[in-house]
Amino acid sequence: MESHKTLISFTNMATIQSTQNKPFFFNYLQSLSQTPHRLRKRMLATWTPDQELNQVRLRSGADMKRKLRWYDLVALGIGGMLGVGVFVTTGRVARNTSGPSVFISYIIAGISALLSSLCYTELSVQIPVAGGAFSYLRVTFGEFVGYFAGANILLEYVLSNAAVARTFTEYLCSAFGVTDPNYWRVEVHGLLEGYNKLDFTAVAVVLLLTLCLCHSTKESSILNLIMTIFHVVFFGFIIIVGFCNGSVDNLVKPGGLAPNGVRGVLDGAAIVYFSYIGYDSVSTLAEEIQNPPVSLPVGIVGSVLIVSGLYCLMALALCMMVPYNQIAEKASYSMAFQKIGWKWTGNVVGAGANLGIVASLLVAMLGQARYLCVIGRARLVPSWLSKVHPSKGTPLNATLFLGLCTASIALFTDLEIVIEMISIGTLLVFYLVANALIYRKYVITSKNPPFRTLSFLFLLTSSAVGFSISWKLKQQWWGLPLFGGIMVTITAFFQYMVPCLRQPSEWSVSFMPWPAAISIFLNIFLMTTLKMLSFLRFAIWACLITVFYVLYGVHSTFEAEEMEMEMEIMAVNGGPNSSIQLTKLDV
């Protein structure tokens, strides 16, 4: 029997070596011929949280260093959200959409962000790995859904970071009193319009932050904490000056608190919602946190609540200083201060906005590298991107690679070109995470048959789409109460008919499935407010990443799993290579 086991071990080893010795092109053609079989086997393949936490995580070699505490997460969450968004969107929404009730739009958007953050929080406590939404969806819905979400998150991060880096240059001009936002850009004649203004300042900022993040997560967190404190003080300055020098009469004159009615308030909420994007970066730091079950809920939910309060007060301060119909669409806070006689604050606003931009860039670049690192662990992209530096404890290769990609886009591409692609991918991922939470709680944890839960999610999504389209078309008003009533009815029926087991040892969202169901509806509603061009560009991107998965990802993960299984068999049978460490396998 022992000799038979040894023979099997040698046979398996010979098979692996013969496969490795064949020319790459021949192996690849052979893999492509097996694509249908591999897709059936891998697309819905899931991992357990325990495998994600141990077996998959060890593919990075060294572990990330657990140095962050709950207050680091709160500061990182605030820094990630308190970027330039509030300065860009508030004035435009107040003037054209919501009027003085823009602060109510921020409240509604904040509730939506809070519900999404609750879904992220529970999943991050159950699966405390650096992959964030990618890992949550992969262990719930399978490899392809996780990959699709991860690819969209990476695109959103890289494009938004490039856009924000270019905005840094514009506000830097404002801080130095320069009126032309392109003053420090180099115009190159001969390049296409929108790609012909080279921004070397933005490139320098991105590269400096990349080097900082390569060095240490803890030191980067301390830098963010310092910048965030100064930024919150700056926000406080604007709020206090606005309240002291403004007038409550400006909130109701002219036209009342909501001159465009309820529709104006809700449409405004859809626009200002994107000022909240950034809290999901905190969930990617789960492998670098001390006591994740306590720190993650405090960091994610606490940062969303604090930012919501600051945004509402900022919006109120602006509308109290100036009547809404006199608010400037661009540089609205600087113009408002000039109207009340505080002209010198224009430079202060520029400097404060730059501080917020650097902080939000730091947090976003921190998150994007960890997403790519975990996608590399899954072998959906080349495995060298998953490596963690043994002494620094940071995903060095992923950080450098994405830093160079961000810098390249920031050098050439105009803000308006990249901004259209950002929102739809983010909202889609938030929508999928809310679905994943319901499925995990009612099917995986509570052991209910999946059909009822999947049917509920399908009906809820369909009703939300119907409601959102009825709202956007502004014609068939009967659709609003019809689809709204259907959503409430099916959610209540699902809650009554399908039992949900609560695990008292873990942090969990209360009143399920209502918070996740409302999050699903709000994310769909916000997606329908986007332009058709966004959906077209998203469709092109979706096709590209699907082709990459079919041509590379599915074959890489299939072969990685097959090779690990072969080596496990050899280890069990006591073959000559039983001492090989499976966790160090590179594919």
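Thresholds, definitions, all that
Residues numbered from 1 in each chain as written. Predicted model: local features only at pLDDT ≥ 70, side-chain atom pairs only at ≥ 80, totals over all residues. Heavy atoms only, no water. Helix = DSSP H or I, 4+ residues; strand = E, 2+ residues; numbered from the N terminus. Buried < 20%, exposed > 50% of the residue type's maximum accessible area, 1.4 Å probe, protein only. Contact = heavy atoms within 4.5 Å. Areas by Shrake-Rupley, 256 points an atom, 1.4 Å probe, with all protein chains shown as cover. Expected span 1.5 Å × (residues − 1). Axes fitted to C-alpha atoms, helices over the stretch in contact; angles between N-to-C directions. Parallel < 35°, antiparallel > 145°, perpendicular 65-115°, else oblique. Left-handed = near helix turned anticlockwise from the far one by under 90°. Nonpolar A, V, L, I, M, F, W, Y, C, P; charged D, E, K, R; others polar. Core = buried A, V, L, I, M, F, W, Y, C linked by side-chain atoms within 4.5 Å. Arc of directions from axis to C-beta. Salt bridge = Lys/Arg side-chain N within 4 Å of Asp/Glu carboxyl O. Patch = residues over 30% accessible without salt bridge, like charges linked within 9 Å, V, L, I, M, F, W, Y side chains within 5 Å. Phe/Tyr/Trp six-rings, centres within 6.5 Å; stacked < 30°, edge-to-face > 60°.

A. How the structure looks around the overall build of the protein. Along the backbone of the protein there are 23 helices and 2 strands. Across the 587 residues that make up the protein, the buried fraction comes to 56%. If you take every contact in the protein between residues at least 6 apart in sequence, the share linking residues at least 24 apart comes to 82%. If you sum the accessible surface of the protein, you get close to 24300 Å²; carbon and sulfur atoms cover 69% of it.

B. Spatial organisation of unusual backbone geometry. The peptide bond linking Met512 to Pro513 adopts the cis configuration, its omega dihedral lying at 10°. Note that Pro513 resides in the loop between helix H21 (479-497) and helix H22 (514-527). Even without glycine at this site, Arg379 takes up a positive phi of about 70°. Positive phi outside glycine occurs at Phe511, with the angle close to 60°. Within the secondary structure, Phe511 is located in the loop between H21 and H22.

C. Region of the structure containing helix H14 (residues 292-321). Over its 30 residues, H14 extends 43 Å from the first C-alpha to the last, a length consistent with the 44 Å expected when each residue adds 1.5 Å. Along H14, 22 of the 30 residues are buried, which leaves the element largely enclosed by surrounding structure.

D. The arrangement of the packing of helix H20 (residues 450-473) against H21 in detail. At their nearest, the axes of H20 and H21 sit 8 Å apart, and the two run at 160° to each other. The orientation of H20 relative to H21 falls into the category roughly antiparallel. Crossing handedness for the pair H20 and H21: left-handed. The residues of H21 that touch H20, namely those facing Arg452, Thr453, Phe456, Leu459, Leu460, Ser463, Ala464, Gly466, Phe467, Ser470 and Trp471, are Gly479, Leu480, Phe483, Gly484, Ile486, Met487, Ile490, Thr491, Phe494 and Met497. Counted by class, the contact of H20 with H21 contains 13 nonpolar, 7 polar and 1 charged residues.

E. Representation of the nonpolar core within the structure. Counting residues in hydrophobic clusters, the biggest one holds 158 residues, and the most contacted among them are Phe87, Tyr106, Tyr120, Phe235, Tyr279, Tyr311 and Ile438. It is helix H16 (residues 345-377) that provides the largest number of residues to this core, a total of 16 residues. In this structure Ile438 touches Val443, Thr453, Phe456, Leu457, Phe494, Met512, Pro513, Ala516, Ala517 and Ile520, once residues within four positions along its chain are discounted.

F. Up close: H21. For H21, which comprises 19 residues, the first-to-last C-alpha distance of 26 Å matches the rise-based estimate of 27 Å (1.5 Å per residue) to within 8%. Of the positions making up H21, those classed as buried are Gly479, Leu480, Gly484, Met487, Ile490, Thr491 and Phe494. Projection of H21 onto a plane perpendicular to its axis shows the buried side chains occupying an angular sector of 135°, all on one side. Seen from the open side of H21, the exposed residues pointing more than 90 degrees away from its buried face are Pro481, Thr489, Phe493 and Tyr496.

G. Representation of the environment of Ala364 in the model. Assignment of secondary structure puts Ala364 in helix H16. With relative accessibility at 12%, the residue Ala364 sits in the buried group. Considered as a pair, Ala364 and Gly79 are 285 residues apart in the sequence and their alpha carbons are 9.3 Å apart. Setting aside residues no more than four positions away along its own chain, Ala364 makes contact with Tyr157, Asn161 and Ser281.

H. Main features of the environment of Gly485. Relative to the elements of secondary structure, Gly485 occurs in helix H21. Assessed through its relative accessible area of 30%, Gly485 is described here as partly exposed. Between the alpha carbons of Gly485 and Phe467 there is a distance of 9.9 Å; along the sequence they are 18 residues apart.

I. Examining the pattern of salt bridges more closely. For the structure shown, the criterion picks out 2 salt bridges. Between Glu143 and Arg42 there is a salt bridge; the shortest N-O distance is 2.8 Å. Of this pair, Glu143 sits in helix H9 (residues 143-175) while Arg42 is found in helix H3 (residues 35-42), placing the two residues 101 residues apart along the sequence. Classification of Glu143 by relative accessible area gives buried; the value is 0%. Owing to a relative accessible area of 9%, Arg42 belongs among the buried residues under this scheme. Across the pair Lys441 and Glu122 runs a salt bridge, and its minimum N-O distance is 2.9 Å. In this pair, Lys441 is assigned in helix H19 (residues 422-445) and Glu122 in helix H7 (residues 102-126), connecting sequence segments 319 residues apart. Judged by its relative accessible area of 7%, Lys441 falls in the buried class.

J. Looking closely at the packing of H9 against helix H10 (residues 200-215). It is at 8 Å that the axes of H9 and H10 come closest, and there the two elements cross at 120°. The angle between H9 and H10 falls in the class oblique. Note that H9 runs across H10; the crossing there is right-handed. Two secondary-structure elements touch here, H9 through Ala165, Arg166, Phe168, Thr169 and Leu172 and H10 through Thr201, Ala202, Val205 and Val206.

K. Structural detail: a nonpolar patch on the surface. Together, Trp70, Tyr71, Val294 and Val298 give the surface a local cluster of nonpolar side chains, amounting to about 370 Å² of exposed area. Counting residues per element, the ones that place at least two in the nonpolar patch are helix H5 (70-81) and H14. Its location among the elements puts Val298 in helix H14.

L. The arrangement of the packing of aromatic side chains in detail. In this structure the tally under the stated criterion is 22 aromatic pairs. Both rings, one in Phe144 and one in Tyr147, keep their centres 6.4 Å apart while their planes meet at 40°; by these two values the pair is tilted. Here Tyr147 and Phe144 lie together in helix H9, a separation of 3 residues that amounts to about one turn. Residue class for Phe144 comes out buried when judged on its relative accessible area of 18%. Judged by centre distance (5.4 Å) and plane angle (35°), the ring pair of Phe548 and Tyr552 falls under tilted. Placement of both Phe548 and Tyr552 in helix H23 (residues 532-573) is noted, with a separation of 4 residues, approximately one turn of the helix. For Phe548, a relative accessible area of 35% puts it in the partly exposed group. Joined through ring pairs, the aromatic side chains of Phe144, Tyr147, Phe148, Phe538 and Tyr549 make up one cluster.

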